[in-house]
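Per-entry structural report
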Amino acid sequence: MDKKLRWGIVGAADIALKSVMPGIQASATGIIQAVASRGIDKASAAAAKFGVSQAYGSYEELLADPNIDAVYIPLPNHLHREWTIRAAQAGKHVLCEKPLALTAAEAQEMVDACAKAGVVLAEAFMYRHHPRMEQIKQLIAEGEIGELRALRGAFTFNNAADTKNIRYRSDWGGGGLFDVGCYPLSAARYFLGKEPEAVTVHAFFSPEHDNVDMMASGLVEFEGGLALTFDCGMWANFRQTFEIVGTDGRIDIPSAFIANGEDAVFTLTNKNGTRTIRPEIVNTYARQVDDLARTVWKEQAPLFPADDAVRNMTLIEACLKSARSKARVEL
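The paragraphs below set out a description of the structure included in this document.

1. Notes on the overall build of the protein
When helices and strands are tallied, the protein shows 9 helices and 15 strands. By the compact-globule yardstick of 20 Å for 331 residues, the protein fits well, its C-alpha radius of gyration being 20 Å. Across the 331 residues of the protein, 57% fall into the buried class. Sequence separation of 24 or more characterises 66% of the internal contacts of the protein that already satisfy a separation of 6 or more. About 14,100 Å² of surface is accessible on the protein, with carbon and sulfur atoms providing 49% of the total. Charge centroids of the protein, computed over 35 positive and 41 negative side chains, lie 1 Å from each other.

Pasting the structure below:
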């Protein structure tokens, strides 16, 4: 493919260096045009690592570069709104890390700003771009596990010793629901194709970690008696699982959110026994970049319209409100 979307990286965060920048380079559609950081040394080091010729010591300089078509924003959560809106005003398409904002209202501002500027906005939930997601949805639609009865998801890891981590700044959008709880919440909405009616969440807010939620467990109610039970957190053993239970079977996804290789396997259990399904091996970060580029070029509709991020943010907000008030919250 000769046509390329030229990317600018707004911030040299770990997720950019370890996953998204390699994903852009592995993609069919993208090239990295420039890297920016708050200091030129960090930007230059990141640019050199990836063979990128242009480095900027400020985000403003990168947004002013006319040779950049799209930007990736891996900044802390509280900076997503400002820099997405500024990127849109500079005419750049935006791939912004999840969760999109700190509130649904902020997320809506970002969606509106991008729509007004005529640029594409995508939330960086890379796992949704794995072809197994559509494959699983198809198996459900074909009745392989009967009528749906329950969903169960978990995403936990233990990073509690790193008390200076940005995930433990409450004013920066820290906490487990923002960081990893957003995954099972978005997955439930994806597989069911509908929005929840109410949530009840219990959480452990840690004084050692600026009182962010270090662990949360919840029930998300959907119509028809369906529900997602989930837990998420940053002070527990590593797990990332999702289970879909029907009247006649179930689907188990052992590596539900981070899976780019053989670990993308899942199992289907029904009256015919248990079958292990091995999807094609893909780079989900590269797929995410390619899907955005093809949307920009109007070769396909967005797989996940920007307002989906607003709806997921509405759900996260409700979960936090429930945890803090110790009450059921209706949406």
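2. A word on the nonpolar core
Of all hydrophobic cores here, the largest spans 114 residues; its most connected members are Phe191, Phe242, Ile244 and Ile251. Counting residues per element, this core draws most heavily on helix α7 (residues 176-192), which supplies 11 residues. Apart from the residues lying within four places of it in its own chain, the contact partners of phenylalanine 191 are Met133, Ile136, Lys137, Ile140, Phe242, Ile244 and Ile253.

3. Quick look at the pattern of salt bridges
Applying the stated rule across the entire model yields 22 salt bridges. Close ionic contact of arginine 328 with glutamate 221 constitutes a salt bridge, the shortest N to O distance being 2.8 Å. Here arginine 328, found in the loop between α9 (307-325) and β15 (329-330), pairs with glutamate 221, found in strand β9 (residues 212-221); they are 107 residues apart in sequence, far enough to count as distant. A relative accessible area of 19% places glutamate 221 in the buried class. Between glutamate 243 and arginine 250 there is a salt bridge whose closest N-O contact spans 4.0 Å. Judged by relative accessible area, arginine 250 falls into the partly exposed class, the value being 35%.

4. As for the sheet that holds strand β10 (residues 227-233)
The mixed open sheet is built from 9 strands, whose spatial order is β14-β13-β12-β11-β7-β10-β9-β8-β15. Two strands in the sheet have a free side with no partner beyond their single neighbour: β14 (273-277) and β15. As paired strands, strand β7 (residues 148-158) and β10 are joined by 6 bridges and run parallel to one another. Residue pairing across strands places arginine 152 opposite threonine 229, the latter belonging to β10. Running at roughly 65° to strand β8 (residues 198-206), α9 makes contact with β8, β9, β10 and β15 of the sheet.

5. Re α9
The first and last C-alpha atoms of α9 sit 27 Å apart over 19 residues, in line with the 27 Å expected at 1.5 Å per residue. The set of residues buried in α9 consists of Asp308, Ala309, Val310, Asn312, Met313, Leu315, Ile316, Ala318, Cys319, Leu320, Ser322 and Ala323. Just downstream of α9 lies lysine 326, where phi reads positive at about 55°.

6. What about the sheet that holds strand β2 (residues 30-36)?
Strand order in the open sheet formed by 6 strands is β3-β2-β1-β4-β5-β6, and the pairing between neighbours is parallel. This sheet does not close on itself; its edge strands, each paired only once, are β3 (54-56) and β6 (121-124). Neighbour-to-neighbour, the strand axes of this sheet turn through a mean angle of 25°, independent of strand direction. The pairing of strand β1 (residues 5-10) with β2 spans 6 bridges and is parallel. Looking at the pairing, valine 10 lines up with alanine 36 of β2. Packing against the sheet, helix α1 (residues 14-26) makes contact with β1, β2, β4 (70-73) and β5 (93-97), and its axis sits at approximately 145° to β2. Here helix α4 (residues 80-89) sits on the sheet and contacts β4, β5 and β6; the angle it forms with β5, its principal contact strand, is near 170°.

7. Structural notes on the environment of valine 120
Here valine 120 lies in the loop between α5 (104-117) and β6. For valine 120 and aspartate 65, which are 55 residues apart along the polypeptide, the C-alpha to C-alpha distance reads 18 Å.

8. Side note on α5
Spanning 14 residues, α5 covers 20 Å between terminal C-alpha atoms, matching the ideal 20 Å at 1.5 Å per step. Within α5, the full set of buried residues consists of Ala104, Glu106, Ala107, Met110, Val111, Ala113 and Cys114. Packed against the buried residues of α5 are α4, β5, β6 and α9.

Criteria and thresholds
Residues numbered from 1 in each chain as written. Predicted model: local features only at pLDDT ≥ 70, side-chain atom pairs only at ≥ 80, totals over all residues. Heavy atoms only, no water. Helix = DSSP H or I, 4+ residues; strand = E, 2+ residues; numbered from the N terminus. Rg over C-alpha atoms; globule rule 2.2 N^0.38 Å. Buried < 20%, exposed > 50% of the residue type's maximum accessible area, 1.4 Å probe, protein only. Contact = heavy atoms within 4.5 Å. Areas by Shrake-Rupley, 256 points an atom, 1.4 Å probe, with all protein chains shown as cover. Lys, Arg positive; Asp, Glu negative; His and termini not counted. Charge placed at Lys NZ, Arg CZ, Asp CG, Glu CD. Core = buried A, V, L, I, M, F, W, Y, C linked by side-chain atoms within 4.5 Å. Salt bridge = Lys/Arg side-chain N within 4 Å of Asp/Glu carboxyl O. Pairing = 2+ DSSP bridges. Axes fitted to C-alpha atoms, helices over the stretch in contact; angles between N-to-C directions. Expected span 1.5 Å × (residues − 1).

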